[in-house]
Amino acid sequence: SAVISQKPSRDICQRGTSLTIQCQVDSQVTMMFWYRQQPGQSLTLIATANQGSEATYESGFVIDKFPISRPNLTFSTLTVSNMSPEDSSIYLCSVAAGRPDTQYFGPGTRLTVL
Amino acid sequence: GENVEQHPSTLSVQEGDSAVIKCTYSDSASNYFPWYKQELGKGPQLIIDIRSNVGEKKDQRIAVTLNKTAKHFSLHITETQPEDSAVYFCAASWNNQGGKLIFGQGTELSVKP
């Protein structure tokens, strides 16, 4: 497994602003993932972030809205841009340890947009 | 694309009873089925998983069964305790999808003392 931390743990933001969420893992991992969990809902994959390559976005998510950085094997950021109240969600990063599909999650960032 | 259906959405049991949560998947190519437990205010925690070459896996009070023919898999919790109360998610993935997990809708389990 892996120990994953996220910053901030929660934030309240104004409409039209942007927030950058950081994800730090205690060991080097190739694959990191960003998920969104809307209130009371399941998890939806936003994108896969592999070090050394551009992030791969899922249908319905675009780079202009959710730019991702992956500067090294232990760190990634997700930015939620030009926020609206519909972006209020929990944002989770996960890492693949061992096989790509065996994923461990961070504690999440709880975002409220007013 | 792959779709995962999870039932029930809520489940209430008495402490000591067993709890069963069921999931079905649509893509027969799926070959990995993890279960996550999410407590309030926390991220999902991997509690058990199973691959398609195995029909059953057990870890203390938790077991998972897989029926590839019927394309469904189940989580069994025996001797439930109040600390088992949480939301449980099943998921599925398949080869060559870069680790993409498709999650079920979640089951809120409440264990009453």
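Preceding block: the structure.
Residues numbered from 1 in each chain as written. Chains lettered and ligands numbered in written order. Predicted model: local features only at pLDDT ≥ 70, side-chain atom pairs only at ≥ 80, totals over all residues. Heavy atoms only, no water.

1. A look at the interface of chain A and chain B
Listed by partner, the interface residues are 20 residues for chain A and 19 residues for chain B. Carbon and sulfur atoms supply 51% of the area buried between chain A and chain B, which totals about 1500 Å² over both sides. Area buried by chain A at its contact with chain B is led by L43, D101 and F105 of chain A, which between them contribute 31% of it. In this structure, the connection of chain A to chain B is made through 1 salt bridge. Elements with a minimum of two residues in the side of chain A that touches chain B: β4 (31-37), β5 (43-50) and β10 (103-105) of chain A. Looking at the side of chain A that touches chain B element by element, the count peaks at 4 residues for β4 of chain A. Looking at side-chain class alone, the side of chain A that touches chain B contains 10 nonpolar, 6 polar and 4 charged residues. (Contact = heavy atoms within 4.5 Å. Buried area = accessible area lost by both parts, 1.4 Å probe. Salt bridge = Lys/Arg side-chain N within 4 Å of Asp/Glu carboxyl O. Helix = DSSP H or I, 4+ residues; strand = E, 2+ residues; numbered from the N terminus. Nonpolar A, V, L, I, M, F, W, Y, C, P; charged D, E, K, R; others polar.)

2. Remarks on the state of the cysteines
A full pass over the atoms with the stated rule returns 2 disulfides over all chains. The disulfide partner of C23 of chain A is C93 of chain A, and the gap between their sulfur atoms is 1.9 Å. The S-S bond linking C23 of chain A to C93 of chain A shows a torsion near 65°; that makes this disulfide right-handed. With C23 of chain A in strand β3 (residues 19-25) and C93 of chain A in strand β9 (residues 89-96), this pair connects stretches of sequence that are 70 residues apart. Put simply, C23 of chain B and C90 of chain B are joined by a disulfide, and their sulfur atoms are 1.9 Å apart. An S-S torsion of about -100° defines the bridge between C23 of chain B and C90 of chain B as left-handed. Of this pair, C23 of chain B sits in strand β3 (residues 19-25) while C90 of chain B sits in strand β9 (residues 86-94); the two residues are 67 residues apart in sequence, bridging distant segments of the chain. An identical accessibility class is assigned to C23 of chain B and C90 of chain B; each is buried. Sulfur of C13 of chain A: no disulfide; nearest cysteine sulfur belongs to C93 of chain A and is 17 Å away. Overall, C13 of chain A belongs to the buried group, its relative accessible area being 8%. (Disulfide = S-S within 2.5 Å. Buried < 20%, exposed > 50% of the residue type's maximum accessible area, 1.4 Å probe, protein only.)

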